[in-house]
Amino acid sequence: MDIPKDRFYTKTHEWALPEGDTVLVGITDYAQDALGDVVYVELPEVGRRVEKGEAVAVVESVKTASDIYAPVAGEVVEVNAALEKTPELINQDPYGEGWIFRLRPLDMGHLDDLLDAAGYQEVLESEA
Amino acid sequence: MKETPLYQAHLRHGGRMVEFAGYALPLQYTSIVEEHLFVRREAGLFDVSHMGEFLIRGPGALAFLQWATVNDAARLKVGRAQYSMLPNAQGGVVDDIYLYRLAEEEYLMVVNAANIAKDFAHLKELARGFAVELTDVSEETALLALQGPKAASLLQGLTEADLSQRKKNEVFAARVAGRPARLARTGYTGEDGFELFLAPGDAEEVFEALLAAGARPAGLGARDTLRLEAGFPLYGHELTDATNPLCTPWAWVVKREKEYYGKEAMLATPCADKLIGLVLEVGIPREGYGVYSGDRAVGRVTSGGYSPLLEKGIALAYVEKEAEGPFVVEVRGRKVGASLSPLPFVPLK
């Protein structure tokens, strides 16, 4: 499973990539593989304020629906509208074109509470 | 967890194994959507060895089956098959089944894997007083389903039998890839296709031969999306011990002109609900989601999922008989518009 080293991770299989004073959020390669064909994504409204760990979006695969949680507290400032027409981007490019929403964290320092690539790798190994 | 004779073959082909009715079976090999579409356009191969098979033999076999099933078994000629149901004493459904007449006094009944023990006990009980012998041959039977528009041409390359002469619902013995098999032109996908009953020791060889001939393996995930798109019921969802089949789109299976177990109760039970097909504007409906007519709760989704052909969420739902819609489905706290659809959801051959 691919785990890029340029970003942070959660135990619930989201990734968070810092960009300026915002972070892009998506789900990991492991998560998309476990879900299978993604066929629908319920996106949050731009402007919504969310707590760390709050369910922000829903990714539906053929077999199941999965909540996507905010990795840190903040405000949703953008959503990936391309997913409305092509939700399969999450399967095809989970770390790139398949990003789900962009948050402006209350405090960028909160990202330090998340896992790095090695830490996430350990989570996957403990789940296997 | 039990394994089918194809367990190792599933692992070799990358099957994602899950538990279903006590068996380890592949949910998918590559992608449910890909496997679904390959069945609709080419030919997919399913391992359905978990299904139950009972042999019913003896001079009283027909009389017994007339009593124990709702379809008219007397219309079944040797070498033919029919869809049917096992009624209970209350007019509900013990199971939905497929019945094959193998010889004058010999029938094969295929039942749902989760119901094997329940069905067999029920049939044993009903068989008292009939000159009939029941044998559960589930463990000695492997079952493959080759489904799709190219199923016949692909299978033809592996058998001497002239498949062009075999109609839907025919059952016959033939060798496939050199192995003895019983073939039936039946299935659960809405496509043309064949089901192959095999000795467990022959299953892997035949499975591999069909794949080498161009079929692709398909898992339980695609099996469910295909049957849902085809508008077929799944026991435990659209049909249960408490479902009166006369209140369903499958009422045609029940032949009222004959006598059968539980008939009076079935005829006396009024239909409070009807089964409808719904296509959602957005989102994916799942089992248990509420269905509304305007603001009024009128029913519940019994099977829901994604239709790879329509690229939309589709559902089978029971709603109050009088409910007219327009219907709305509550998807994770959000009310989503849903249009009524005829069954099947997609045009099928």
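All figures in this text were calculated on a predicted structure; none of them were measured in a lab. (Residues numbered from 1 in each chain as written. Chains lettered and ligands numbered in written order. Predicted model: local features only at pLDDT ≥ 70, side-chain atom pairs only at ≥ 80, totals over all residues.)

### Section: the interface of chain A and chain B
When the parts of a complex come together, some accessible area is lost, and that lost area is often taken as the interface size.
1) Next: The partner chain B presents 12 residues to the 10 residues of chain A that form the contact.
2) Next: The set of elements that each furnish at least two residues to the side of chain A that touches chain B consists of β4 (38-42) and β6 (55-61) of chain A.
3) Next: Looking at which element gives the most residues to the side of chain A that touches chain B, the answer is β4(A), with 3 residues.
4) Next: Its residues assigned to classes, the side of chain A that touches chain B comprises 5 nonpolar, 1 polar and 4 charged. (Contact = placed C-beta atoms within 7 Å. Helix = DSSP H or I, 4+ residues; strand = E, 2+ residues; numbered from the N terminus. Nonpolar A, V, L, I, M, F, W, Y, C, P; charged D, E, K, R; others polar.)

### Looking at the sheet that holds strand β6 (residues 81-87) of chain B
All names here are of chain B.
1) Next: Read from one edge of the open sheet, 5 strands run β6-β7-β8-β5-β9, paired in antiparallel fashion. For this open sheet the edge positions go to β6 and β9 (133-136), each flanked by a neighbour on one side alone. The average undirected angle you get between the axes of adjacent strands in this sheet is 30°.
2) Next: Taken together, the 7 bridges between β6 and strand β7 (residues 93-103) define a ladder with antiparallel strand orientation. Each bridged residue has a counterpart across the sheet, and for Gln82 the counterpart in β7 is Leu99.
3) Next: Docked against the sheet, helix α3 (residues 61-68) engages β5 (52-57), β6, β7 and β8 (106-111), running at close to 130° with respect to β5. (Pairing = 2+ DSSP bridges. Axes fitted to C-alpha atoms, helices over the stretch in contact; angles between N-to-C directions.)

### Overview of helix α2 (residues 32-41) of chain B
Residues and elements named next belong to chain B.
1) Next: Counting buried positions over the 10 residues of α2 gives 7, a clear majority of the element.
2) Next: Buried within α2 we find Ile32, Val33, Glu35, His36, Phe38, Val39 and Arg40.
3) Next: Packing partners of the buried residues in α2 comprise β3 (23-28), β4 (44-47), β10 (142-147), β14 (216-217) and α7 (220-229). (Buried ≥ 20, exposed ≤ 12 C-beta atoms within 10 Å, placed from the backbone.)

### Details of the sheet that holds strand β15 (residues 273-280) of chain B
Residues and elements named next belong to chain B.
1) Next: Taken together, 6 strands build a closed barrel; the order of strands is β15-β18-β17-β16-β19-β20 and the barrel is antiparallel. Neighbour to neighbour, the strand axes of the sheet diverge by 45° on average, direction disregarded.
2) Next: Here 4 bridges tie β15 to strand β20 (residues 334-341), and the two strands are oriented antiparallel to one another. By the bridge assignment, Gly277 is partnered in β20 with Ser341.

### Considerations on the nonpolar core
The tendency in soluble globular proteins is for nonpolar side chains to be buried side by side.
1) Next: Counting residues in hydrophobic clusters, the biggest one holds 103 residues, and the most contacted among them are A:Val59, B:Leu99, B:Met109, B:Leu144, B:Leu146, B:Leu196 and B:Val206.
2) Next: In terms of residue count, β7(B) provides more of this core than any other element does, 6 residues in total.
3) Next: Apart from the residues lying within four places of it in its own chain, the contact partners of B:Met109 are B:Phe54, B:Ile56, B:Ile97 and B:Leu99.
4) Next: B:Ile276, B:Phe327, B:Val331 and B:Phe345 belong to the second largest nonpolar core, which has 22 residues in total. (Core = buried A, V, L, I, M, F, W, Y, C linked by C-beta atoms within 7 Å.)

These figures capture arrangement, not role.
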